[in-house]
Amino acid sequence: MTVDVSRGGLLVTLAIVGVIVYELRTVLDFVGIELPLIPYMAAVFVLAGLAVWFVVLKGGWRTDPEGDEPA
């Protein structure tokens, strides 16, 4: 199995997931379940590190734009 992603795509995906998780934390805080911020931040950095490690391990970054080959 190879992973073929761009750095920008991975960073945007991680940013979106981080915002979604943070908003879920905010909603839980609103209903009375308080979660500390530091473990959340640590989990986001661990997730980012694991994602980058997985991409590097399974195929690296896509650097060439895909296009049609000349006839």
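Residues numbered from 1 in each chain as written. Predicted model: local features only at pLDDT ≥ 70, side-chain atom pairs only at ≥ 80, totals over all residues. Heavy atoms only, no water.

- Going by the annotation in an unreviewed UniProt entry, the name recorded for the chain is CbaC protein, with Halorubrum salipaludis given as the source organism.

1. Notes on the UniProt feature "transmembrane region" (unreviewed entry) in the chain
- Listed under "transmembrane region" (unreviewed entry) in the UniProt record, and renumbered for this structure, are residues 6–25 and 37–56.
- Secondary structure across residues 37–56 divides into 100% helix and 0% strand, with the first and last C-alpha atoms of the span separated by 29 Å. (UniProt positions renumbered as here; feature names shortened; annotations may be inferred. Helix = DSSP H or I, 4+ residues; strand = E, 2+ residues; numbered from the N terminus.)

2. As for helix α2 (residues 37–58)
- With 22 residues, α2 extends 32 Å from end C-alpha to end C-alpha; this agrees with the ideal 32 Å at 1.5 Å per step.
- Within the sequence span of α2, burial applies to Tyr40, Ala51 and Val55. Taken around the axis of α2, the buried residues stretch over an arc of 45 degrees, which confines them to a single face. In this structure, α2 carries Ile38, Phe45, Val46, Leu50, Trp53, Val56 and Leu57 as exposed residues pointing more than 90 degrees from its buried face.
- Within two residues after α2, Gly59 carries a phi angle of roughly 155 degrees, on the positive side. (Expected span 1.5 Å × (residues − 1). Buried < 20%, exposed > 50% of the residue type's maximum accessible area, 1.4 Å probe, protein only. Arc of directions from axis to C-beta.)

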